[in-house]
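The residues making up each chain are set out below.
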Amino acid sequence: MHDCDPEKSKVPVDNAAAVGIKTITVALMGNPNSGKTTIFNNLTGARQHVGNYGGVTVETKEGTLRHGSWRIKMVDLPGTYSLTAYSMEEIIARDFIIQQKPDVIVDIVDGANIERNLYLAVQLKELGVPMVLVLNMADEMKAKGLHADIKKLSEIIGAPVVPAVGVRNRGTDKIVARIIEVAQGSWSQPEKVPVHYGSEIENELKKIAAPIARQAGKIKQTGADCDYPLCVEINPQWVALKLLENDSEVIHKVHDSAIRQEVNQQVQHSRKYLTSIYGEDPESVIAEQRYGYVHGICRTVIRRTSEARINFSDKLDKVLTNRLLGLPIFAALMYVTFWFVFAAGQYPMGWIEIGQQILAEQVSNLWPSGSDSVLRSLIVDGIITGVGGVVIFLPNIMLLFLALSLLEDTGYMARAAFIMDRLMKWVGLHGKSFIPMLTGFGCSVPAIMATRILDNRRDRLTTILILPLMSCGARVPIYLLIIPAFFTSARSASVVMYSMYLIGLVIAIVCARLLRSTMFRGESSPFVMELPPYRIPTLKAVLIHMWQRSWLYLRKAGTVILAFSVLMWFLASHPQLPQERIEQLRQEKAVALEQQGNYSASELAAVQLTNQQLQDARLSYSITGRLGRTLEPLLKPLGFDWRIGTALVGSFPAKELFVSQMGIVFSLGEVETEESLGQALHSDQDQPDAASANSSTQAALRTRLKQAYSPLVGFCIMLFCLISAPCMATVAVTRRETNSWRWPMFQFFGLTGLAYLITLVVYQVGSFVQIGI
């Protein structure tokens, strides 16, 4: 094991210098699927921080490790194929390198796909930053019969090259050692082999770079503030290269400088001249020169030790991506996943449920028996019932993410996109659109952000609009509440759960077909999808991926859901039911009993409302009850009553709030039955204690749901929650990604209307069939 265990370091970075510890900042870069995150996890362990880059939603990870007297801060930059400013990830990665000036760049290269991965390494070489090249997946290179001349590759790139096998934590020690050597300047750097773009391009680069270098020198002499990209630390030829490539970010920066006119004139002249020489724009020519340079590197440093052969991944793909077997195998794997979530999750769910019930009882016991304390109701009915009703599903969420992480880390999810490409072509999209849809099974927000991989705007808008139809993790608690209430066996529960995911996928495909045939007509871009080799995922990587996703769910329960649970409790508890209204209800009950003719005048005079009836009256009188009663005529054709209506409205901030809102509603007001009318002569003291009546566990809530609604209504609830308006965060990210309120509003009202229509048809047809039977 290497001496860079993050747990050994107890010294804060800010105090490092005071105790003789030297700090190095390292940025990790690499193509997607290059194993960059695995290397990052190997280096930093569990000592990581996840956040966002300022002003954007692209995720960043930071971690630290200790190696001797060195403290190394690792920054995991977004995976990117190049440093060209086409995507947000590329801009962020490049700006971090230039503006934050990390001490060392570690470029992770997939050795099994070395030619494509070296394109990014060449761009880093152009930038002239201190670099360590990690040749990851060295074992897969060997399996493919490829051998790399490490020394020669290091000489050409001008940086140390370290072979590694990230999934087996091999090479980590050498990576750390090379980082320190490069940071200290002690690495013996050979003479770099320059990137050649051809004499015509290089002559024009010199002309553009001359005024940039002159301005950078003036800034250094005067000591004025240095604005990127005119800092003397940045190679002027790199700035000239970016201007010649028509890089919008660099052009914008130069436009704000004192040399704007001189540089712009030279750039325009050079672009016009080179276009006339090559017959195409300079950026295309420069990209071709880079690819030629990369190809030459591979011809020089890579040799085959054996003839190309069908490897293990190819053999598996013959079965798993088979034209006939691929889709059934995918469907079977999804079914097994949902069965596993139900079968294995019921035990830890039960433990959490018992703990929630004990906690509610202990808190309730702090008040006298029969107390009607507002604070007690807030804590028990609002916080414990609301938040606990969501937290109880954490084991199922973790198991679901565990299964998805296994499928993703083995490389199968990329095959799923390939398999679905045939179906997506009928829609007018292609298999790459299925990647965000798969991500949508976890959360719609990162799924919408993942549509950035789609080059065609029509494809991207179509995918964004249908993504909320994927059963995200927030809908899982709704399914896990409803399904066990009406479908008790693990087999039937798995089938129903599977059907919800399948229904969402089918509706999404049909909607996509409709959108591509009407609003977004046009040809789809060609589908080019890399199929990474199958790998045995490490337990550490799978657990980290599972926990990171589960933590987002748990954090939401402790913030958004807590806040809105308290709000929903307040709306369900206020305004208070006046005493006059209670007396009126008591008299109405007495009149109803008098009509039965079985009670004397003295008995009727002593009639009191039961606790259930009193709580139901209070809920009906509250803001929540009034809103529900207002919506009830609209929702009644769907089989929904006012309780379901209020829970649906309350779930807009986050879908999980439907569960907590139902828990609050049924803890504040019981299901009204005909038997409750006969409980006439019992005083309040004869009724169950209010605290125990309100300590609603999930089992009790399911029992009440089963008493109040039919299985058909339960299915319709899940169907409506699946199709209807996305949560608040999804609306916000759709607005940001489309740069317009038009599309999120279309998405919001369109999906809600579609949910109403489909649920109406299902409920009415189902009711007709039930009556016929």
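Note that the structure is predicted; figures quoted are calculated from it, not measured. Along each chain, residue indices are assigned from 1 in the same order as the chain's sequence is written. Given that the model is predicted, a residue must reach a pLDDT of at least 70 before its local features are reported, and side-chain atom pairs must reach 80 or more before they are shown or counted; all residues, however, enter totals for whole chains, interfaces and linings. As a rule here, side-chain values come from all non-hydrogen atoms in the structure, and water together with hydrogens is ignored.

I'd like a rundown of the overall build of the protein chain, residues and numbers included.
Helix and strand counts for the protein chain come out as 35 helices and 9 strands. For the exposure calls, accessible area comes from a 1.4 Å probe over protein chains only, and a residue counts as buried if that area is under 20% of its type's maximum, exposed if over 50%, partly exposed in between. When the 773 residues of the protein chain are sorted by exposure, 53% land in the buried category. Pairs at least 24 residues apart make up 77% of the contacts formed inside the protein chain by residues separated by at least 6 positions. Element-wise, carbon and sulfur atoms account for 58% of the exposed surface of the protein chain, whose accessible area totals about 34,700 Å². Helix and strand assignments come from DSSP, with helices taken as H or I runs of at least 4 residues and strands as E runs of at least 2, each series counted from the N terminus. In this description, contact between two residues means that some pair of their heavy atoms is separated by no more than 4.5 Å. Where accessible areas are quoted, they stem from the Shrake-Rupley method and a 1.4 Å probe; at the residue level, only the protein chains shown are allowed to cover.

I'd like a description of the pattern of salt bridges, backed by residues and values.
Salt bridge, as used here: a side-chain nitrogen of Lys or Arg that lies within 4 Å of a carboxyl oxygen of Asp or Glu. All told, the structure shown has 14 salt bridges when counted by the stated rule. Measuring nitrogen to oxygen at the nearest pair gives 3.3 Å for the salt bridge that ties Glu204 to Lys207. Here Lys207 and Glu204 lie together in helix 7 (residues 199-222), a separation of 3 residues that amounts to about one turn. A residue is classified by how much of its surface remains accessible, and Glu204, at 3% relative accessible area, is buried. A salt bridge links Asp641 to Arg643; the nearest nitrogen and oxygen atoms lie 3.8 Å apart.

So what's going on with the side chain of Asp641? Residues and values would help.
Assignment of secondary structure puts Asp641 in the loop between helix 27 (623-635) and helix 28 (642-650). Asp641 sits in the buried class, given a relative accessible area of 15%. Here Tyr709 takes part through its side chain, which lies 2.8 Å from a polar atom of the side chain of Asp641. Those residues in contact with Asp641 that sit more than four places away from it in its chain are Glu632 and Tyr709. Here a polar contact means two N or O atoms within 3.5 Å. Within protein one must be a hydrogen donor candidate and the other an acceptor candidate, and residues neighboring in sequence count only if both atoms are side-chain atoms.

How would you explain the nonpolar core if you had to name every residue and give the values?
Ranked by internal contacts, the top residues of the largest apolar core, which has 88 residues, are Phe434, Met437, Leu469, Phe640, Ile644, Phe658 and Leu705. The leading source of residues in this core is helix 21 (residues 490-517), at 13 residues. Excluding residues within four positions of it along the chain, Phe658 makes contact with Ile478, Ile644, Ala647, Leu648, Ser651, Ile717 and Cys721. Only buried Ala, Val, Leu, Ile, Met, Phe, Trp, Tyr and Cys residues count toward a nonpolar core, and they belong to the same one when joined by side-chain atoms within 4.5 Å.

How would you explain the packing of aromatic side chains if you had to name every residue and give the values?
Note on aromatic contacts: the rings of Phe and Tyr and the six-membered ring of Trp form a pair at centre separations within 6.5 Å, being stacked when their planes are under 30 degrees apart, edge-to-face when over 60 apart, and tilted otherwise. Under the definition given, this model contains 7 aromatic pairs. Geometrically, the ring pair formed by Phe640 and Phe720 is edge-to-face, given 6.0 Å between the ring centres and 90° between the ring planes. On the criterion of sequence distance, the pair formed by Phe640 in the loop between helix 27 and helix 28 and Phe720 in helix 33 (residues 711-723) is long-range, its members being 80 residues apart. The exposure classification of Phe640 matches that of Phe720, with both residues buried. For the ring pair Trp743 and Phe746, a centre distance of 6.2 Å and an interplane angle of 90° mean the geometry is edge-to-face. Pair noted here: Trp743 and Phe746 are both in helix 35 (residues 742-772), with a separation of 3 residues, about one helical turn. By relative accessible area, which is 8% here, Trp743 ends up buried. On the basis of relative accessibility, which here comes to 38%, the residue Phe746 falls in the partly exposed class. Members of the aromatic cluster, each reached through a chain of ring pairs, are Phe520, Trp743 and Phe746. Whether a charge sits over a ring depends on NZ of Lys or CZ of Arg being within 6 Å of the ring centre and within 35 degrees of the ring normal. Above the ring of Tyr621, the side-chain terminus of Arg626 is found at 4.5 Å from the ring centroid.

Before we move on, could you go through the environment of Gly504 and cite the residues and values that matter?
Locating Gly504 in the fold gives a position in helix 21. Considering only alpha carbons, one finds Gly504 and Pro468, 36 residues apart in sequence, at a separation of 8.8 Å. Not counting residues within four places of it along the chain, the set of residues in contact with Gly504 comprises Leu469, Met470 and Leu722.

A description of the environment of Leu719 should follow, citing residues and the corresponding values.
Within the secondary structure layout, Leu719 lies in helix 33. Along the chain, Leu719 and Tyr479 lie 240 residues apart, while their C-alpha atoms are 9.7 Å from each other. Leave out the neighbours within four places in its chain, and Leu719 touches Met500, Ile503, Ile758, Thr759 and Val762.

Lay out helix 3 (residues 114-127) in plain terms, naming residues and giving numbers.
Given a helix with a known number of residues, its expected span is that number minus one, times 1.5 Å. End to end, helix 3 covers 20 Å across 14 residues, agreeing with the expected 20 Å (1.5 Å per residue, within 8%). Where burial is concerned, most of helix 3 is hidden: 12 out of the 14 residues are buried. The complete set of buried residues in helix 3 reads Ile114, Asn117, Leu118, Tyr119, Leu120, Ala121, Val122, Gln123, Leu124, Lys125, Glu126 and Leu127. Immediately beyond the C-terminal end of helix 3, within one or two residues, lies Gly128, with a positive phi of roughly 75°.

Help me get a handle on unusual backbone geometry, residues and values and all.
Look at Lys101: it is not a glycine, yet its phi comes out positive at around 50°. Positive phi values are uncommon outside glycine, yet Met137 reaches one of about 60°. By the element assignment, Met137 lies in the loop between strand 6 (131-136) and helix 4 (138-143). When its relative accessible area of 6% is taken as the criterion, Met137 is described as buried.

Any details on the packing of helix 20 (residues 476-486) against helix 33? Residues and values, ideally.
Only the contacting stretch of a helix is used when fitting its axis, a line to C-alpha atoms as for every element, and angles between N-to-C directions run 0 to 180 degrees. Where helix 20 meets helix 33, the axes come as close as 9 Å, and the angle between the chain directions of the two elements is 165°. Taken as axis vectors, helix 20 and helix 33 run roughly antiparallel relative to one another. In terms of crossing hand, the pair formed by helix 20 and helix 33 is left-handed. Across from Ile478, Tyr479, Ile482, Ile483 and Phe486 in helix 20, the residues of helix 33 making contact are Pro711, Gly714, Ile717, Met718, Cys721 and Leu722. A breakdown of the residues in the contact of helix 20 with helix 33 according to their chemical character gives 10 nonpolar, 1 polar and no charged. In what follows, roughly perpendicular refers to angles from 65 to 115 degrees, roughly parallel to angles under 35, roughly antiparallel to angles over 145, and oblique to any angle outside these ranges. Two helices cross in a left-handed way if the nearer one is turned anticlockwise from the farther one by less than a right angle. They cross in a right-handed way if the turn is clockwise. Classes in brief: Ala, Val, Leu, Ile, Met, Phe, Trp, Tyr, Cys and Pro nonpolar; Asp, Glu, Lys and Arg charged; the others, Gly included, polar.

Account for the pairing of strand 1 (residues 22-30), with residues named and values stated.
Here, any two strands with at least 2 DSSP bridges between them count as paired. Examined bridge by bridge, strand 1 and strand 4 (residues 70-76) share 7 bridges and lie parallel to one another. Of the residues in strand 4, the one forming a bridge with Thr25 is Lys73. Pairing of strand 1 with strand 5 (residues 104-110) involves 5 bridges; the strand directions are parallel. Counted as the bridge partner of Leu28 is Val106 from strand 5.

Please give an account of the environment of Asp459 that cites residues and values.
As for its placement among the helices and strands, Asp459 is situated in helix 19 (residues 457-466). Classification of Asp459 as buried rests on a relative accessible area of 1%. Along the chain, Asp459 and Gly522 lie 63 residues apart, while their C-alpha atoms are 9.5 Å from each other.

Can you tell me about a nonpolar patch on the surface, naming the residues and giving the values?
A cluster of nonpolar side chains, contributed by Leu757, Val761, Val765, Phe768 and Val769, occupies part of the molecular surface with about 490 Å² of accessible area. Mapped onto the secondary structure, Val761 falls in helix 35. In this structure Val761 comes out as partly exposed when scored by relative accessible area, which is 45%. Each patch is built from residues that are more than 30% exposed by relative accessible area and take part in no salt bridge. Like charges join if they lie within 9 Å; nonpolar side chains (Val, Leu, Ile, Met, Phe, Trp, Tyr) join within 5 Å.

I'd like a description of the confidence of the model for the protein chain, backed by residues and values.
Chain-level pLDDT for the protein chain is 77 on average; 79% of the residues reach the 70-or-more range. pLDDT expresses, on a scale from 0 to 100, how confident the predictor is about each individual residue. Counting interchain partners and residues more than four positions distant, the pLDDT-below-50 stretch residues 1-14 has 31 contacts. Across residues 50-57, confidence stays below pLDDT 50; counting only partners more than four residues off in sequence or on other chains, it has 25 contacts.

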